Amino acid sequence: MPHPSAKPTATRKDVARLAGVSTAVVSYVVNGGPKRVSPATEAKVRDAIAVLGYRPNAAARALKLGSSEMLGMVVPDATNPFFATLAHAVEEAAAERGYALLIANSGGSLASERRQVANLVSRRVDGVFLCSVLFEPDLRELQAAEIPAVLLNHSAETPGFDSVGVALEEGARTAVGHLVWHGHRRIGLIMGTNTGGDLDAREVGWRGGLADAGLPSGPVMRGPFSREGGYKTGRWLLNEAERPTAVFASSDLQAVGLLKACHEAGVRVPEDLAIVSFDGSAEAEFSWPPLSTVAQPVGEMAHAAVEALVGGGDHKRNRIFPATLVRRASCGC
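Residues numbered from 1 in each chain as written. Predicted model: local features only at pLDDT ≥ 70, side-chain atom pairs only at ≥ 80, totals over all residues. Heavy atoms only, no water.

1. Notes on the overall build of the chain
Item 1. Regarding its fold elements, the chain presents 13 helices and 12 strands.
Item 2. Taking 20 Å as the expected radius of gyration for a compact globule of 333 residues, we find that the chain reaches 25 Å, considerably beyond that expectation.
Item 3. Across the 333 residues in the chain, those meeting the buried criterion constitute 47%.
Item 4. The long-range share in the chain, meaning contacts at least 24 apart out of those at least 6 apart in sequence, stands at 68%.
Item 5. With 34 positive and 35 negative side-chain charges, the chain shows a separation of 7 Å between the mean positions of the two kinds. (Helix = DSSP H or I, 4+ residues; strand = E, 2+ residues; numbered from the N terminus. Rg over C-alpha atoms; globule rule 2.2 N^0.38 Å. Buried < 20%, exposed > 50% of the residue type's maximum accessible area, 1.4 Å probe, protein only. Contact = heavy atoms within 4.5 Å. Lys, Arg positive; Asp, Glu negative; His and termini not counted. Charge placed at Lys NZ, Arg CZ, Asp CG, Glu CD.)

Printed below as a string of structure tokens:
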């Protein structure tokens, strides 16, 4: 039995009765259509909704429409500023289409990624944006449930699926070329660790940039895509017998950790060690010194991903966006 003091849940009929309109008009106001309602009538309905505390039944609406109007997104690390910015951009682009976004964090774990995908499938979301920890993610559960997916932050083409990413290799080559332009001949790499055995395109680009300049590969330090990962690998790098004069870091967060290691070791940036990183997050702009970084066009990527997922059309494509070098103090500019 309900508690004696509990208020009965207001219904659409209650709102219609108080506002003096039909239940259809209430529906048009709540759902933004399909028919237009005059401003005066809409104001009466909104007032009635506020007085009664009416809340539309999302489950009933989803059943009627055959759509949850909800999209899911799985990211490796929700605390990473790049993925936080990307998720926010996707959320805004989805809202423009009338969809809400449910964000799940895999923590960089393949097992957790699979659990999060299964959870979104069980909630019958209308589509999934997957920022996978794998170069070739497991998409069988989404295929079996016939839920469309877009591989986001994914540069490789995956047959049967839309994917949206950035030109990682070319961006890394640009970073190395810029350091060479500054006169550096020994350029190291701090490379993030991924699940899976394929060589990251940023490392391929770093090696290619050095080869373009006729330079040998400098030292490579590997660690997590995090501040802590950059700090630990930075300490190792600074203890190298032949320390490089410049470093390309595969993420802004790693570069921030590297800056801390440099400050502790008394290594001046950029005088003793020049740094260029990758991502273009706010952390790069507000670190000290500000980081030169190869920036990803997050807003364009987000809109392309939402368009691919809910925009209609059966033709699958691999959208790759160019990255842009943003020059700041850490490289010597």
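2. Some details on helix α10 (residues 227-238)
Item 1. Helix length check: α10 (12 residues) gives 16 Å between terminal C-alpha atoms against 16 Å at 1.5 Å per residue, within 8%.
Item 2. Along α10, the positions that sit buried rather than exposed are Gly229, Gly230, Tyr231, Thr233, Gly234, Leu237 and Leu238.
Item 3. Residues of α10 that are buried make contact with β6 (187-192), β7 (220-223), β8 (246-249) and α11 (252-265). (Expected span 1.5 Å × (residues − 1).)

3. Some thoughts on the state of the cysteines
Item 1. In the structure shown here, the tally under the stated rule is 0 disulfides.
Item 2. Here Cys331 stays free of any disulfide, with the sulfur of Cys333 as its closest cysteine sulfur at 3.4 Å. (Disulfide = S-S within 2.5 Å.)

4. Quick look at the packing of aromatic side chains
Item 1. Counting across every chain of the model gives 1 aromatic pair.
Item 2. Where Phe82 meets Phe83, the ring centres are 5.2 Å apart and the plane angle is 70 degrees; that geometry is what we call edge-to-face.
Item 3. The exposure class of Phe82 is buried, given its relative accessible area of 4%.
Item 4. A cation sits over an aromatic face here: Lys260 above Tyr231, 4.3 Å from the ring centre. (Phe/Tyr/Trp six-rings, centres within 6.5 Å; stacked < 30°, edge-to-face > 60°. Lys NZ or Arg CZ within 6 Å of the ring centre and 35° of its normal.)

5. Considerations on the sheet that holds strand β4 (residues 149-152)
Item 1. With parallel pairing, the 6 strands of this open sheet are ordered in space as β2-β1-β3-β4-β5-β11. Single-partner strands in this sheet number two, and they are β2 (100-105) and β11 (318-321). Each strand axis lies, on average, 15 degrees off the axis of its neighbour in the sheet, ignoring direction.
Item 2. The pairing of β4 with strand β5 (residues 162-166) spans 3 bridges and is parallel. Bridge pairing links Val150 to Asp162 in β5. (Pairing = 2+ DSSP bridges. Axes fitted to C-alpha atoms, helices over the stretch in contact; angles between N-to-C directions.)

6. Quick word on the confidence of the model for the chain
Item 1. For the chain, per-residue confidence averages 87 on the pLDDT scale, and residues scoring 70 or more make up 90% of the total.
Item 2. Residue range residues 1-6 is modelled with pLDDT below 50. Its contacts to residues more than four positions away, or to other chains, number 0 contacts.
Item 3. Ignoring residues within four places in sequence, the model shows residues 62-66, a span with pLDDT below 50, making 2 contacts including any to other chains. (pLDDT = per-residue confidence, 0-100.)

7. Focus on the pattern of salt bridges
Item 1. Counting across every chain of the model gives 11 salt bridges.
Item 2. Ionic pairing is found between Asp200 and Arg202, a salt bridge with its closest N-O pair at 2.9 Å.
Item 3. Residue classification places Asp200 among the buried residues on the basis of a relative accessible area of 5%.
Item 4. Glu203 is the salt-bridge partner of Arg222, the closest N and O atoms lying 2.7 Å from each other. Highlighted residues: Arg222 in strand β7 and Glu203 in helix α9 (residues 201-212), separated in sequence by 19 residues.
Item 5. Members of the salt-bridge network, linked through shared partners, are Glu169, Arg173 and Asp212. (Salt bridge = Lys/Arg side-chain N within 4 Å of Asp/Glu carboxyl O.)

8. A few points about the nonpolar core
Item 1. Formed by 25 residues in total, the largest nonpolar core has its most connected members in Met73, Leu86, Val90, Phe129, Cys131, Leu152 and Val164.
Item 2. Of all the secondary structure elements, the ones that give two or more residues to this core are β1 (70-75), α5 (81-96), β4 and α13 (298-310).
Item 3. In terms of residue count, the dominant contributor to this core is α5 (8 residues).
Item 4. Ranked by size, the runner-up nonpolar core spans 22 residues in total, among them Leu168, Ile187, Leu215 and Phe248. (Core = buried A, V, L, I, M, F, W, Y, C linked by side-chain atoms within 4.5 Å.)

9. What about the sheet that holds strand β12 (residues 324-326)?
Item 1. Pairing is mixed across the open sheet formed by 6 strands, whose spatial order is β7-β6-β8-β9-β10-β12. Of all strands in the sheet, those with a lone pairing partner are β7 and β12, marking the two edges. Across this sheet, the average inter-strand angle for adjacent strands is 20 degrees, counted without regard to direction.
Item 2. One ladder, built from 3 bridges, connects β8 with strand β9 (residues 274-279); its direction is parallel. Each residue of the ladder has a partner; that of Val247, found in β9, is Ile275.
Item 3. Contacting β6, β7 and β8, α10 runs over the sheet at an angle of about 155 degrees to β7.

10. Some remarks on unusual backbone geometry
Item 1. The omega torsion across Val269 and Pro270 is 10 degrees, close enough to zero to call that bond cis.
Item 2. Looking at the element boundaries, Pro270 is found in the loop between α11 and β9.
Item 3. Here the bond from Trp288 into Pro289 is cis, since omega is -5 degrees, no more than 30 degrees from zero.
Item 4. Note on placement: Pro289 falls in the loop between α12 (282-286) and β10 (292-295).
Item 5. The residue Glu146 is not glycine, and still its phi comes out positive at about 55 degrees.
Item 6. With respect to the secondary-structure elements, Glu146 resides in the loop between α7 (140-144) and β4.

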